[in-house]
Amino acid sequence: MDHRVTLTQHLLREVEAHAPGGGPVASILAQVATACKEIRAELAEVGLGSLAGMQGGVNVQGESVHKLDWFANEVFTKHFRGSGLLCTLISEEMEDIYHLDEDCPRAQHVLCYDPMDGSSNLDVDGAVGTIFSVRRKSTGKTHGKPEEVFEPGTEQVAAGYVLYGPQCMLVYAVGGNVHGFTLDTAVGEFFLSHPNIRMPEHGKEFSANMARLDAWDPAFREFVRNHSHGGSAARSYSLRYIGALVADFHRALLRGGVFFYPGDANNPHGKLRLLYEAAPLAYLAEAAGGAASSGRERILSIVPDGLHVRTPLIIGSRYEVSAIESLLAGERQGVANASLA
Ligand code: AHG
Ligand code: MN
Ligand code: MN
């Protein structure tokens, strides 16, 4: 049997090659993997334990909190407090930054994470995931304040996710290519299963909450019409929508296509959060040869002005992302022309 490459071995090699001097990054990602293994173990039998259902209360997002949202968040604070690896944690589930004072002097990095993405799938045994992003801590006056991560996504040092599906997969990039690992539950180790993942130039699926079709910019309706059965595009697409960004993204990463969550008149910035959902997945999409846009700009160029800022998200294969961007630009040009008429 060929030598099975463990995540730990791979991380050391990859970090050395693409993030020289980023030694702690390999340890940070290994610690993230350990935290996610603990989350997966709990998920696998949540129906038998005490963590099913709602925590009660509403988080900073204004969303009701599942017990597993908070459990997963706490697994991260537990695994990193005292590790000397991180100075700050930024989580979807915590309103403010979580500063690890005792670790900070030694630690050089910040972790932004969505501990449980796709929470609405939890009670129906649907796919959920954890999304993570590593950034350097600032050493200037913004150190230890939210402003220290108010940098574009190009400043991310590493990003990835764990998808808790029928398999448990970890996907990450640290400046180089994107690599996928599958958890061998008997051994308790992630092994390399998808080296050098490249996103196909185009796919044949689009992924969106179609119940919001009429609320979107007409350009999205035109894209859907063009790529549906009988549409003008070269091939008609299928609709796939899992309700967990990490799962819908993972499908597009492996077989192409596009996911989009636009803004609308009531929520012009859409629903998805930049720091721990859109930016880490945009980092992976671009590293795999795909694209990620807000419709107006590259996701990785956006500079947040808050920990929980949201952005419209169009992410996937280059063909589909640019097709939507062109329709949106045409829309804007049409509006501009009309205003000149
Ligand atoms: P989270 O569970 O972390 O709050 O994220 C849920 C997000 C994302 O995972 C998914 O793509 C989207 O919400 C689904 O939103 P709708 O239910 O509005 O379609
Ligand atoms: Mn999420
Ligand atoms: Mn979440």
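Just so it is clear, the model here is predicted, and its values are computed rather than measured. (Residues numbered from 1 in each chain as written. Chains lettered and ligands numbered in written order. Predicted model: local features only at pLDDT ≥ 70, side-chain atom pairs only at ≥ 80, totals over all residues. Heavy atoms only, no water.)

Novice: Break down the domain arrangement of the protein chain for me, citing the residues and quoting the values.
Specialist: For the protein chain, the domain assignment lists domain 1 (7-194) and domain 2 (205-340). Residue-level contacts link 49 residues of domain 1 with 33 residues of domain 2. Of the roughly 2900 Å² buried between domain 1 and domain 2 on both sides combined, carbon and sulfur atoms contribute 66%. Area buried by domain 1 at its contact with domain 2 is led by Ile-131, Phe-150 and Tyr-161, which between them contribute 20% of it. Our count for the domain 1 to domain 2 interface comes out at two salt bridges. The partner of Arg-273 in a salt bridge is Glu-63, and the shortest N-O contact between them spans 3.4 Å. Viewed at the interface, domain 2 and domain 1 are joined by 12 residue pairs in polar contact (both at pLDDT 80 or more). (Domains from an automatic or database assignment. Contact = heavy atoms within 4.5 Å. Buried area = accessible area lost by both parts, 1.4 Å probe. Salt bridge = Lys/Arg side-chain N within 4 Å of Asp/Glu carboxyl O. Polar contact = N/O pair within 3.5 Å; in protein donor to acceptor, adjacent residues only side chain to side chain.)

Novice: Report on the site of ligand 1, specifying residues and quantitative values.
Specialist: In the vicinity of ligand 1 lie 18 residues, with Asp-117, Gly-118, Tyr-241, Leu-245 and Tyr-261 positioned nearest. One nitrogen or oxygen atom from the main chain of Leu-245 is found 2.8 Å from an oxygen atom belonging to ligand 1. One of the side-chain N or O atoms of Tyr-261 is found 2.6 Å from an oxygen atom in ligand 1. A total of 470 Å² of accessible area belongs to ligand 1 in isolation, and the protein chains cover 87% of it. Counting only elements with at least two residues in the shell around ligand 1, the list comes to strand E5 (109-117) and strand E13 (258-261). With three residues, E5 is the largest single contributor of residues to the shell around ligand 1. For the shell around ligand 1, a count of residues per class yields seven nonpolar, four polar and seven charged. Taken together, domain 1 (7-194) and domain 2 (205-340) each give at least three residues to the shell around ligand 1, which thus spans both. (Near = heavy atom within 4 Å. Areas by Shrake-Rupley, 256 points an atom, 1.4 Å probe, with all protein chains shown as cover. Helix = DSSP H or I, 4+ residues; strand = E, 2+ residues; numbered from the N terminus. Nonpolar A, V, L, I, M, F, W, Y, C, P; charged D, E, K, R; others polar.)

Novice: Describe the coordination of the manganese ion (ligand 3), with residues and values.
Specialist: Within the protein, Glu-92 (OE), Asp-114 (OD) and Met-116 (O) serve as the donor atoms for the manganese ion (ligand 3), at 2.2 to 2.5 Å. Sequence positions of the residues that donate to the manganese ion (ligand 3) give the spacing E-x21-D-x1-M. Here the manganese ion (ligand 3) and the manganese ion (ligand 2) are spaced 3.7 Å apart, and both take Asp-114 as a donor. One end of the pair, Glu-92, is in the loop between strand E3 (86-91) and strand E4 (98-99); the other, Asp-114, is in strand E5, with 22 residues separating them in the sequence. Taken as a pair, Glu-92 and Asp-114 share a single burial class, namely buried. (Donors = N, O, S within 2.8 Å, 3.2 Å for Na, K, Ca; no water. Buried < 20%, exposed > 50% of the residue type's maximum accessible area, 1.4 Å probe, protein only.)

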